[in-house]
Amino acid sequence: AGMGAAQTGAAAGTACASMLAGAMHSWVDVAAECLLVTSYFMARRPADPAHPLGYGRDSYVWSLFASLGMLIVGAEVGVWRGITQLRSTETGDDYWIGYLVVAVSFVLEAQSFLQALRFMKERATEQNRGVFEHVWKTSDSQLRAVFVEDLVALVTLAIAALGMALHQLTGQVAYDAAGSILIGLLMGATGLVLINLNRRLLAGLPVTSEQRASILGLLKSLPGVTRVTFLFTEFIGPARILLAAHVGIAGEHTQAELATILRGLERDIMDNKYVGQVTLTLAAPPEEDLSGGTA
């Protein structure tokens, strides 16, 4: 909030549209962080009879709201203010204040971004992915939103500084207006991408083919499991999946023994931190075993 207030003040002092667009991004960030904090606590409530799969998908709803804020507020203010600035003859004289605010804001945003990058690297390493691949594929919409918004904030500050400098050096307001429009378009595009990713998660997104093959291999390695003939997976929260499968069990067993074996296997699978719910049932004799690449 302090950063947004400082950038807003600097925008008023310099009459810089690109600085105002950057300030709007900071205010959107504040609102987004409040929504993401809300989503963090909402999503981690334990499962109950009304929500047997838990509340993990709440995080996608609140993250969607945060993305809408970036799209609507940021893009509208940035683009609209930039277009308006093209017809403006207003100039400011306190450019040093703008440069100072940009420098301090950049340092603070860089610290936040490096922290988000560290968390993203840790999660990416767990999934054997590159950082930016994980940003695109992760089911943790909260971490993705923080990472992307911090990265965009650094870019918008750089654009604001460049637009302000070119305006000051040349006296041409078009540079400042272009910076504001570019910031607005960047925020709008980022908001659209994040909205689409959250939409897919809310609609029910299965795991990737690589993750499916890994899960299939793990199921076949369980004690007593001879084959897997059906596998269904879906994300039900940040890094949490619903798993259902038909499995074959070695040996001859009574119905009670089979039920006991299946419940024991489910408990073993639930020890995995990425599994939120699991259901195993017996495979019918005619069903064929799945291969690692089968959809």
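Up top is the structure.
Remember, predicted model here, so these are calculated numbers, not experimental data.

(A) Just the overall build of the chain, in detail. Assigned secondary structure in the chain consists of nine helices and three strands. Scanning the chain from its N terminus toward the C terminus, one meets helices and strands in the order α-α-α-α-α-α-α-α-β-β-α-β. Looking at the chain residue by residue over its 295 residues, the buried ones come to 44%. Contacts in the chain between residues far apart in sequence, at least 24 positions, make up 71% of those at least 6 positions apart. When the accessible surface of the chain is split by element, carbon and sulfur atoms take 66% of a total near 14,500 Å².

(B) The arrangement of the layout of surface pockets in detail. What the largest pocket holds in volume is close to 870 Å³. Taken together, 32 residues form the lining of the largest pocket, with Gln127, Gln211, Ala239, Asn272 and Tyr274 sitting closest to its centre. Breaking the lining of the largest pocket down by element, the ones donating at least two residues are α4 (95-126), α5 (131-137), α8 (209-220) and β2 (240-249). Residues belonging to the lining of the largest pocket are distributed by class as follows: 13 nonpolar, nine polar and 10 charged.

(C) Spotlight on the packing of α4 against helix α6 (residues 141-170). Look at α4 against α6: their axes get within 8 Å of each other, and the N-to-C directions meet at 155°. The orientation of α4 with respect to α6, classified from their angle, is roughly antiparallel. Between α4 and α6 the crossing geometry is left-handed. Residues that form the contact of α4 with α6 fall into these classes: 20 nonpolar, five polar and four charged.

(D) Summary view of the environment of Met42. Position of Met42 among the secondary structure elements: in helix α2 (residues 17-43). Under the relative-accessibility criterion, Met42 is labelled partly exposed at 26%. Every residue in contact with Met42, bar those within four places of it in the chain, is listed here: Tyr55, Asp58 and Trp62.

(E) Main features of the pairing of strand β1 (residues 225-237). When you tally the buried positions in β1, you get 10 out of 13 residues, the bulk of the element. Here β1 pairs with β2 via 10 bridges, running antiparallel. Bridge pairing in β2 places Arg227 opposite Gly248. Hairpin connection of β1 to β2: two residues between the antiparallel strands, including Ala239 at a positive phi of 55°.

Rules behind the numbers
Residues numbered from 1 in each chain as written. Predicted model: local features only at pLDDT ≥ 70, side-chain atom pairs only at ≥ 80, totals over all residues. Heavy atoms only, no water. Helix = DSSP H or I, 4+ residues; strand = E, 2+ residues; numbered from the N terminus. Buried < 20%, exposed > 50% of the residue type's maximum accessible area, 1.4 Å probe, protein only. Contact = heavy atoms within 4.5 Å. Areas by Shrake-Rupley, 256 points an atom, 1.4 Å probe, with all protein chains shown as cover. 1 Å grid on protein atoms, 1.4 Å probe; cavity = no way out; pocket = protein on both sides within 12 Å on 5 of 7 lines; lining within 4 Å. Points joined across faces, edges and corners; volume = space filled by probe spheres on them. Nonpolar A, V, L, I, M, F, W, Y, C, P; charged D, E, K, R; others polar. Axes fitted to C-alpha atoms, helices over the stretch in contact; angles between N-to-C directions. Parallel < 35°, antiparallel > 145°, perpendicular 65-115°, else oblique. Left-handed = near helix turned anticlockwise from the far one by under 90°. Pairing = 2+ DSSP bridges.

All we've got here are geometric facts, nothing functional implied.
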